[in-house]
Amino acid sequence: MEITDEAAHPTMPPTSTSLTFTLNPALDTKAAADAFAQGGHTRLTDFLEEACAEALWRELRAREDWVQVINSGDKSFELDRPTRKSFSPEQAKAMDDAVYAGARSGFQFRYEAVRVPDSAKARAKSTDPLARFATWMSSAPVRALLGAVTGEAALTFADAQGTAYAPGDFLTAHDDAVAGKRRHAAYVLGLNPAWRAEWGGLLLLHDGGEQGRIAVPAFNTLDLIRVGQAHSVSEVTRAAPNRRYAVTGWMRKGPVPA
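On a predicted model such as this, the values are computed, not experimentally measured, just so you know.

Colleague: Describe the environment of alanine 218, and please don't skip the residues or the numbers.
Modeller: Structurally, the position occupied by alanine 218 is in the loop between strand S10 (212–215) and strand S11 (219–226). Here the alpha-carbon distance between alanine 218 and leucine 191, two residues 27 residues apart in the chain, equals 6.4 Å. Those residues in contact with alanine 218 that sit more than four places away from it in its chain are Arg43, Gly190, Leu191 and Asn192.

Colleague: Describe the nonpolar core, with residues and values.
Modeller: Ranked by internal contacts, the top residues of the largest apolar core, which has 41 residues, are Phe47, Met137, Leu146, Tyr187 and Val247. Non-local contacts of valine 247, meaning those with residues more than four positions away in its chain, are made with Leu56, Leu60, Leu130, Phe133, Ala160, Gln161, Gly162, Tyr187, Val188, Leu189 and Leu191.

Colleague: Got a sec to walk through the pattern of salt bridges? Specific residues and values, please.
Modeller: According to the stated counting rule, one finds 18 salt bridges in the structure shown. Among the ionic pairs, aspartate 96 bridges to arginine 110, the shortest N-O distance being 2.6 Å. On the criterion of sequence distance, the pair formed by aspartate 96 in helix H4 (residues 89–103) and arginine 110 in strand S4 (residues 109–115) is long-range, its members being 14 residues apart. Where glutamate 112 meets arginine 243, a salt bridge forms, and the shortest distance between an N and an O atom there is 3.0 Å.

Colleague: Just give me the short version of the pairing of strand S3 (residues 75–80), but keep the residues and values in it.
Modeller: One ladder, built from 6 bridges, connects strand S2 (residues 67–72) with S3; its direction is antiparallel. Bridging from a neighbouring strand, isoleucine 70 pairs with phenylalanine 77 of S3. Counted between consecutive antiparallel strands, the loop separating S2 from S3 contains 2 residues, among which glycine 73 sits at a positive phi close to 65 degrees.

The rules we used
- Residues numbered from 1 in each chain as written.
- Predicted model: local features only at pLDDT ≥ 70, side-chain atom pairs only at ≥ 80, totals over all residues.
- Heavy atoms only, no water.
- Helix = DSSP H or I, 4+ residues; strand = E, 2+ residues; numbered from the N terminus.
- Contact = heavy atoms within 4.5 Å.
- Core = buried A, V, L, I, M, F, W, Y, C linked by side-chain atoms within 4.5 Å.
- Buried < 20%, exposed > 50% of the residue type's maximum accessible area, 1.4 Å probe, protein only.
- Salt bridge = Lys/Arg side-chain N within 4 Å of Asp/Glu carboxyl O.
- Pairing = 2+ DSSP bridges.

Right, dumping it as C-alpha cells:
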C-alpha cells in the first residue's frame, strides 16, 4: 500500500534552507537520567523548541529522495520510490513474501531512510537540513546534555538518518551492538503530530520473557535506548494515514570521522 502524506496537508509550506535547531531549555534531565539508569530507556518530551521540530517534520514529509532499505540475512538492499513503483503486482508480492518470511525467525527490517554522512567535512559542505541536524546533535551542548542523561561523559559525536515507516514497514528485535562502532545509546527523535497506538510503529523495549515496555510514536520526543537493550519497531498498519517519521542514530564515542 502506498500513501501520499502531502495529500493530507496540501498547503504545507516548504522548509527554510536556513533551518537551525535549539534545545528546549525546560527539559527535565534529572528524571530522564534516573529512568535511563534504571531501565536502559528514557524519553525526553519537547526535546527541541517547537518551531524547530515543526520545520524538521515538514522537511521530512516534503522529501522525495527516500530509499527503502530491506535486508536479506546479512545483506542490505536499497530501493528508491520510482523503482518500487515500477514493480509488477507479482514482483511486489514476492518482495513482501520474502520480507515476512525473514521476520518469522530472524532479524528483518523494511523502512525508508535518508542517509547522512558521518564525516564532519562532508556535513559542513552539505546544504541538507539533516546534515545540519547531525552536526548540531554532535555539538558540545547537546553531547553534554545527553551524556548527563545516559551517564557517559565521553560522547564525541552523533550519526543520523531520516526514517519513514509506511504501512507494512517494521524492524525486528536487535540491540544495536556492533563491534568497532563504539555506540553508547541509540536515539529516536519522533516527528509525528498525530499518531494512534492502533496504527502500529510502536517502539518496543524487550525485557525478556513476557515482559516489555511500549513507547507510542509522538511529536518532538527524543527516545534514548542503551546499546545492549533489545528493542524493535512494530509493523505500521494500513490504518495509518501517513508515514511514521523520525530522525534516528546513535550517540557514539571515539574519534570523530574526518
